[in-house]
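# Remarks on the overall topology
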Amino acid sequence: MPKKCICWVISLNPASENAQKLMADLNGQGIDAEIFPAIDGRVGTPALEGGEQILGNLAMVRHGKHLTASELGCYLSHLRAVKAAYRNGHEYVCVIEDDVVIENLFGDVYRAVLDKDLDMVRLMSLRIRKRTIIEPLVGEHNLVRPERGGLGTQAYVLNRVGMKKFIDYAQNIYEPVDKVFDHFFLFDLNVFAVEPHVAYELVHETSVVKLAKTVVDKPLLWHRLVFHPVKLWFSLRRHFYRFRHWRDFSQSAMPEHKVGRTERAR
């Protein structure tokens, strides 16, 4: 690897068949991955660490509900993995959830991405967005710059600057972690992606549980009253970010070909 980096596979069940296969496949492509123990939200609300806080009112305003314990567990799994990488001095962290299968050129693309020194590169995503093709990477794979958030945290790379931006912003918890990355414009995270994707998710549920049926609190009247002003503020922030980076988005267009094998990608 050209720079000091770590690859974490987040899993609640490292002995599972796919977690073991994923680790073997990563090793086979020259990536020395390690298991990062996921935070389990299935047995109750996970405890927070110093600096982490839940913004319950903002959650109700933005989404009309609080995070479930399982969603919080998923959120903290990613946040703690990135914190650990940053704390240990790594210049890059690659985070992969254990329901992912990597493509044949994953390792080569991963190493090519490390040469670019970018805040964030999504190696797969669930939303197909307008994007600008930046440059070729390996084989048919290109580095692209999406206009909007791609949804999903199955596989991504952060450099040290991106880690710090994410950690500082994500300490304030009010929405699922993939939404945090989708709201990159709020904390100046420069997000890129790989196209076609170099990973895809399996149809079965990951051990890093994101959803759980629970009693949903209803927003109060004042939550509903400030919803539209807050939504407008978010929209203005997104448009301002796009204006600042207009050169990156001026040639954006939808992909003409299928970008990956994830069944949920739309």
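Summarised in this report is the structure supplied together with it. If you're wondering where the values come from, they're calculated on a predicted model, not measured in any experiment.

It is worth spelling out the pairing of strand β4 (residues 92–97) at this point. Most of β4 sits inside the fold, with 6 of its 6 residues counted as buried. Every second residue of β4 is oriented toward a common face, with Tyr 92, Cys 94 and Ile 96 on one face and Val 93, Val 95 and Glu 97 on the other, all of them buried. Of the pairings in the sheet, the one linking strand β1 (residues 5–11) to β4 comprises 6 bridges and is parallel in character. By the bridge assignment, Val 9 is partnered in β4 with Ile 96. Summarising the sheet, β4 and strand β9 (residues 155–159) pair through 5 bridges and their orientation is antiparallel. When the bridges of β9 are listed, Ile 96 appears paired with Ala 155.

Within this model, the second largest pocket holds a volume of roughly 350 Å³. Along the walls of the second largest pocket sit 18 residues, with Arg 62, Arg 148, His 183, Phe 185 and Arg 238 positioned nearest its centre. Ranked by residues supplied to the lining of the second largest pocket, first place goes to helix α7 (residues 221–244) with 5 residues. Grouping the amino acids of the lining of the second largest pocket by side-chain chemistry returns 5 nonpolar, 4 polar and 9 charged.

Definitions and cut-offs
Residues numbered from 1 in each chain as written. Predicted model: local features only at pLDDT ≥ 70, side-chain atom pairs only at ≥ 80, totals over all residues. Heavy atoms only, no water. Buried < 20%, exposed > 50% of the residue type's maximum accessible area, 1.4 Å probe, protein only. Helix = DSSP H or I, 4+ residues; strand = E, 2+ residues; numbered from the N terminus. Pairing = 2+ DSSP bridges. 1 Å grid on protein atoms, 1.4 Å probe; cavity = no way out; pocket = protein on both sides within 12 Å on 5 of 7 lines; lining within 4 Å. Points joined across faces, edges and corners; volume = space filled by probe spheres on them. Nonpolar A, V, L, I, M, F, W, Y, C, P; charged D, E, K, R; others polar.

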